[in-house]
Structure formats: structure tokens, C-alpha cells
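Observations on the three-dimensional arrangement
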Amino acid sequence: NGVTVPGRPATIVIFGATGDLTRRLLVPALANLCFDGLLSEELNVIGIALRDGDDESLRVSLDEFAPQTQCWQRLRQRTSYLPGDFTLGTVYERLKQRLGEGDAAFYLATPPQFFGVIVDRLADAGLTEEHDGGFRRVVIEKPFGHDLESARALNQRILSRVNESQVYRIDHFLGKETVQNILVARFGNAWLEAVWNHRYVDHIQISAAEAIGIGTRGAFYDTTGALRDMVPNHLMQLLSMIAMEPPNSFDAEVIRDEKAKLLRAVRRITPDEARSDAVRGMYAAGQVNGQMIPAYRETPHVDPNTATETYVALKLMVDTWRWTGVPFYLRTGKALAARDTEIVVTFNPVPYATFRETPVAHLPANQLVFQIQPHEGIDLGFLVKRPGPQVEAVPVALDFAYAEKFAVAHRTGYETLLYDMIMGDQTLFQRADQIEAGWAVVQPILDAWARGEGVLEEYTPGTSGPRAADALIARDGRQWHALGR
Ligand code: BG6
């Protein structure tokens, strides 16, 4: 992306070094950064996990997903292993000896119950103290909390030991190219800003649909559900990027202030609205893309009587001058018709009067689609005249696909996040108030569902989800954008 400054020499300490996240994403991302010349040649990696092992056994376990480049060979030699229990002080004493005084980032790629204790132990051992312009940073994966109260408690616990400037809360959606592009598209294009408000926008849809089922993640997922897993974090990030006010610079704090402000402006859902404006669903057995998947309730490590949702749709209002009266419809779910993460902005229809004496019977509204996954791009629906003697209006797409315009190398999505973290840029990381504002939006729905309110509807895999979700948007005279289009 035009940046060529290699990061500072530092040590990245990964807690949970034998886990999937480390093997599949973090280490390959570091190797890619190294390949792009964006890592210091003196960067070290220390992996910590409970399992017995030595440097070589860790390196071998990382080889499987790391790109086989010279860079990886070099980084591999600088990767070492420290077996130990993260809840006990001994491993931190050994870590301290290995680290010395240098810059270090502690990456918590562990289950969430360890986040607080690891920060406590790091601080107890004096490992989080920053001296003479050096850095000590803590990178925290999701889920950050289980609800508003636990997220607040975790923030308090962490911030009683380290400063906010040392904390990098990951939301991996912010590492996606198209998500970052939202800001450039919005604030780099004059015409877009001119129509980016309630006068021209009818409504906005944010979808994160997945075709896969829960598979082997039953134990995690059954205590989480679609709402907690995707909405307060990923979907709220997309919402704040698409709806925030223009920041007056690209400075991290300025952008984070605007995003937090937007999230705080989301209208609090009342108990009645939690029943009427949120829909939950759970997939039954069925086929997705020709493959049979078992019902969610039959998934390994899932309680056969579970009431955990695998789909959620909701309607939110944003009480700002810009967005007054514009509904935001959000949905996310598993085992749906297609993998499709997108933001669709539907504009108000133009007045029909001009066309009334032509054969044009219907003028479809313009739509602007930020396509985030699986293909990254932007589509603008544009109405044109079909060639011929009669006036006939048809929508065509002005579409831009990243892959067609730019040579996009295969990336994990963690490269930018890791690079920014090493460079000390917190723009793409969630501040404590953003995290809490995201949870505050969904808390009334969590409460309503905990009281047993709201029907949990079964849906057929390979479809667009529960019928109640179609009804939710149809009630307002609108419909969901077709998945996978
Ligand atoms: C994760 C969720 O945060 O995001 C998963 O825990 C989900 O359930 C994943 O599948 C989606 O991310 P991506 O990048 O594959 O769209």
C-alpha cells in the first residue's frame, strides 16, 4: 500500500502460540510483512503455550501455513518457544529474562478468560513498563467481554494496569481492504459526501452472511451465538465507518472519536423494540452448495436443547442530524445461501413525474454496494436508457473490483493490523469506549432474549435465513439485497 518503512526491531510475544489463530493467521501475516519489506530483520517472535516443546517443535508446527519464502526461513530462526502456564508467575519471570529491555508486543491469542489474568501477570512482573521511548503493547483478540457489564469490567481491569495507548483491541474486520476503503471512498469523493444523508439515502443494509455451518466450533459458539459473535464488534465497526461524521484528519484519536460518537448516537432499543425489531434464527439440517450439514442442534459440543441463535437481523436508528429517519438493517448468520459481506446504501427514488408519459413504469432506486467479501469491490447501480426508439430505463452496474484493478497478493487480513500495531498506529483498533458502545447497542436484545422473548425461528440451510427477517424489512416496504449477487 505504498508504505515501505520497515517496523522497529521488537519482540512479538504470542500467548497461545500453538493455537489455530497463530498458525493460520498471525505467523503467515508476519511472514508476508517480512516479504513486503515491512518488518525489521531483527524482529523476534516468542511463542508461549502450555504444551511441552522446544523452539524447533514450535517452528515445525508453524511451517504448515507459513509461506515458504526466505523471509520465513529467517523469521523462523528468530522464533523461540517458552512452555508455561499463563496464569502462573514463573513463565513471566523467564519471559522477562529473555526480553531484556527491548520493545515488545504481547499478543493475546488465547481464549478470552485469560485476557485479564495475562495482563495482570505481565504488569506484576514489570513487563508492561515503557522506558525511554520504548514500547510495551498488549494486543487483545475478541471476544472482548460477553455483554456490556463484562466488557466494562475487563476494560477496567486492563486499564488499571496499562494505559489505553498500550492496548490494541483487535477487530479483524478492520484489517479488510474494502473496510479501510470505506473511509477513502467516503471522504475522498466530493459527490458521495453530497448525497450521504437522510435527504438522499432511503436506508442502509449491512450483511455478513456465511455459507458454512458451525462445524467444529460448537463449544465456543453455543455459549456465544450470532449476536455476540458478530454484531457488537464487526457489524458495529462497519456501521460506524459507513455512518460516522467526517473526521478532520486521519489521526487515530480523531477517527476513533468520530466512530465512538456515532455508536453512542445509535438509538437505545426499548424492550418493545427488542421484540419487534430483532429477529433470531437457528439453522435446521439441510444442504448448502450441495453439501449436507447437520442441524445446529446436532452439531458436536452443542447442547441438543440449545436456544443459541445462528442468525440475527435487526433494525437500528441513528439519531444524528445526518441520519434522522434512515433505518439501518443489519443481519448476520451461518449456513446461508452464500458467503457475502456487504453494505448496501439505497438512495431515495427520483420523482416519477418526468417519466409519466413514457413506457417507464418503474424506476428502481439507485444502490451503492460496498462488497467486502468474498470479492472486494464497489458497485454503483446506475439507470440508463436501453438503446432503441422507446424510452426504457434499465439499471446497469458501474462496478469496480479490487482484483481487476490492482495486483492483490494473497493476504491473511492481519498484515495491516500487525504492521500498524508495531508502528504504534491505533486507528484500526478498538478503544475502550467503542467496545462498550457496541455492547450497549445489543444489550437490550440480549436482555430480551434472556427473558425468553422473541421467537427463535428455524431456517433451512442454503436460504437467506428466517422468514421473520424478511417480514422485519417488508413491514417497512423494503426488501433485503439478494445474497451472493
Ligand atoms: C469471527 C467470528 O470473528 O469472524 C466467526 O467469530 C466468523 O464466527 C468470522 O466466521 C468471520 O470473519 P471473516 O473474516 O471470515 O468474514
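In short, a report on the structure. (Residues numbered from 1 in each chain as written. Predicted model: local features only at pLDDT ≥ 70, side-chain atom pairs only at ≥ 80, totals over all residues. Heavy atoms only, no water.)

Points about the packing of aromatic side chains
The relation between two aromatic rings is expressed through the spacing of the ring centres and the mutual angle of the planes. This is how it is decided: Aromatic rings from Phe, Tyr and Trp, with only the six-membered ring used for Trp, were paired whenever their centres fell within 6.5 Å, and each pair was classed as stacked if the ring planes differed by under 30 degrees, edge-to-face if by over 60, and tilted otherwise. Secondary structure elements follow DSSP: runs of H or I of four or more residues count as helices, runs of E of two or more count as strands, with numbering from the N terminus. Residue exposure (1.4 Å probe, protein chains only): buried if accessible area is under 20% of the type maximum, exposed if over 50%, otherwise partly exposed. Charge over a ring is defined by NZ of Lys or CZ of Arg lying within 6 Å of the ring centre and within 35 degrees of the ring normal.
Per the counting criterion, the structure on display carries 14 aromatic pairs. Between Y311 and Y459 the ring centres are 5.7 Å apart and the planes differ by 65°, which places this aromatic pair in the edge-to-face class. Here the residue Y311 occupies a position in strand β11 (residues 311-317), and Y459 occupies one in strand β17 (residues 456-459), the gap between them amounting to 148 residues. According to the relative accessible area criterion, Y311 is buried, its value standing at 1%. Residue classification places Y459 among the buried positions, given a relative accessible area of 3%. Taken together, Y221, Y283, Y296, Y311 and Y459 form an aromatic cluster joined through their ring pairs. Over the ring of F135 we find R137; its NZ or CZ atom is 3.7 Å from the centre of that ring.

Things to note about the pairing of strand β14 (residues 367-373)
To keep things clear, this is the line we draw: The pairing criterion is simple: DSSP has to find at least two bridges between the two strands.
By the criterion of burial, β14 is predominantly enclosed, with six of the seven residues buried. With six bridges joining them, strand β13 (residues 340-347) and β14 adopt antiparallel strand pairing. Paired with V345 across the strands is L368, a residue of β14. Note: β14 against strand β15 (residues 377-385), four bridges, orientation antiparallel. If you follow F370 over to β15, its bridge partner there is I378.

Considerations on the nonpolar core
The line we're drawing: For our purposes a nonpolar core is just a set of buried Ala, Val, Leu, Ile, Met, Phe, Trp, Tyr and Cys residues, chained together by side-chain atoms within 4.5 Å. Between two residues, a contact is recorded if the distance between any of their heavy atoms is within 4.5 Å.
Counting residues in hydrophobic clusters, the biggest one holds 147 residues, and the most contacted among them are F15, L95, F106 and F328. No other element matches the eleven residues that helix α10 (residues 225-243) contributes to this core. If sequence neighbours within four positions are ignored, F15 has contacts with I48, F86, Y92, L95, F106, Y107, L108, A109, T110, I118 and L122.

A word on helix α2 (residues 55-63)
Stated precisely, the cut-off is as follows: As used here, the arc belongs to the directions running from the helix axis to the C-beta atoms.
Considered for burial, the residues of α2 that qualify are L58, R59, L62 and D63. Buried residues in α2, looked at end-on, bunch into an arc of 145°, giving them a common side. Packing partners of the buried residues in α2 comprise α1 (20-35), β2 (44-49), α3 (70-77) and β3 (79-83).

Focus: the site of the ligand
Defined as follows: One heavy atom within 4 Å of a molecule or strand is enough for the residue carrying it to be called near that molecule or strand. For the purposes of these results, a polar contact is taken to be a pair of N or O atoms within 3.5 Å, where, inside protein, one atom must be able to donate a hydrogen and its partner to accept one; residues adjacent in sequence count only when each atom of the pair is a side-chain atom. Computed with a 1.4 Å probe, the accessible areas rest on the Shrake-Rupley method; for each residue, only the protein chains presented here act as cover.
Taken together, the residues surrounding the ligand are K142, H172, F173, K176, E210, R217, D229, M230, H234, K334, R339 and Q373. In this structure, an oxygen atom belonging to the ligand sits 2.7 Å away from a side-chain N or O atom of E210. Within the side chain of K334, a nitrogen or oxygen atom sits 2.7 Å from an oxygen atom of the ligand. For the ligand, whose accessible area on its own is 390 Å², the fraction buried by protein is 82%.

Quick look at the packing of helix α11 (residues 252-264) against helix α15 (residues 432-450)
Operational definition: To define axes, lines are fitted to C-alpha atoms, for helices over the stretch in contact only, and angles between the resulting N-to-C directions are given on a 0 to 180 degree scale. Comment on the angle field: the value is read as roughly parallel under 35 degrees, roughly antiparallel over 145, roughly perpendicular from 65 to 115, and oblique elsewhere. When the near helix sits turned anticlockwise from the far one by under a right angle, the crossing is termed left-handed; a clockwise turn instead gives a right-handed crossing. Here the term charged refers only to Asp, Glu, Lys and Arg, the term nonpolar to Ala, Val, Leu, Ile, Met, Phe, Trp, Tyr, Cys and Pro, and the term polar to all other amino acids, Gly among them.
Remark: α11 packs on α15, axes separated minimally by 9 Å, with the N-to-C direction vectors making an angle of 20°. In this view, α11 runs roughly parallel relative to α15, as classed from their interaxial angle. Between α11 and α15 lies a crossing of left-handed hand. Residues R256, K259, A260, L263 and R264 of α11 lie in contact with α15, whose contacting residues are D433, Q434, A437, G438 and V441. Grouping the amino acids of the contact of α11 with α15 by side-chain chemistry returns four nonpolar, two polar and four charged.

Thoughts on the sheet that holds β14
Ordered by their spatial adjacency, nine strands build an open sheet running β16-β15-β14-β13-β7-β12-β11-β8-β17, and the pairing between neighbours is mixed. Where the open sheet ends on each side, the last strands, each with one partner, are β16 (393-401) and β17. Averaged over all pairs of adjacent strands, the angle between strand axes in this sheet comes to 20°, irrespective of strand direction. Of the strand pairs in this sheet, β11 and strand β12 (residues 327-333) are connected by seven bridges, and their pairing is antiparallel.

Quick notes on the pattern of salt bridges
To keep it simple, the criterion reads: Between Lys or Arg on one side and Asp or Glu on the other, a salt bridge is scored when a side-chain nitrogen of the former is within 4 Å of a carboxyl oxygen of the latter.
Applying the stated criterion to the full structure yields 32 salt bridges. A salt bridge links D103 to R8; the shortest N-O distance between them is 2.9 Å. Here R8 lies in the segment before β1 (11-15) and D103 lies in the loop between α4 (89-99) and β4 (104-108), a separation of 95 residues in the sequence. Since its relative accessible area comes to 14%, D103 is described here as buried. Its relative accessible area of 36% is what places R8 among the partly exposed residues. Across the pair E245 and R322 runs a salt bridge whose closest N-O atoms are separated by 2.8 Å. Within this pair, whereas E245 is found in the loop between α10 and α11, its partner R322 is found in the loop between β11 and β12, the two being separated by 77 residues in sequence. Relative accessible area serves as the criterion here: at 10%, R322 is assigned to the buried category. Salt bridges here are not isolated pairs; linked through shared partners, they connect E253, R256, D257, R264, R431 and D433.

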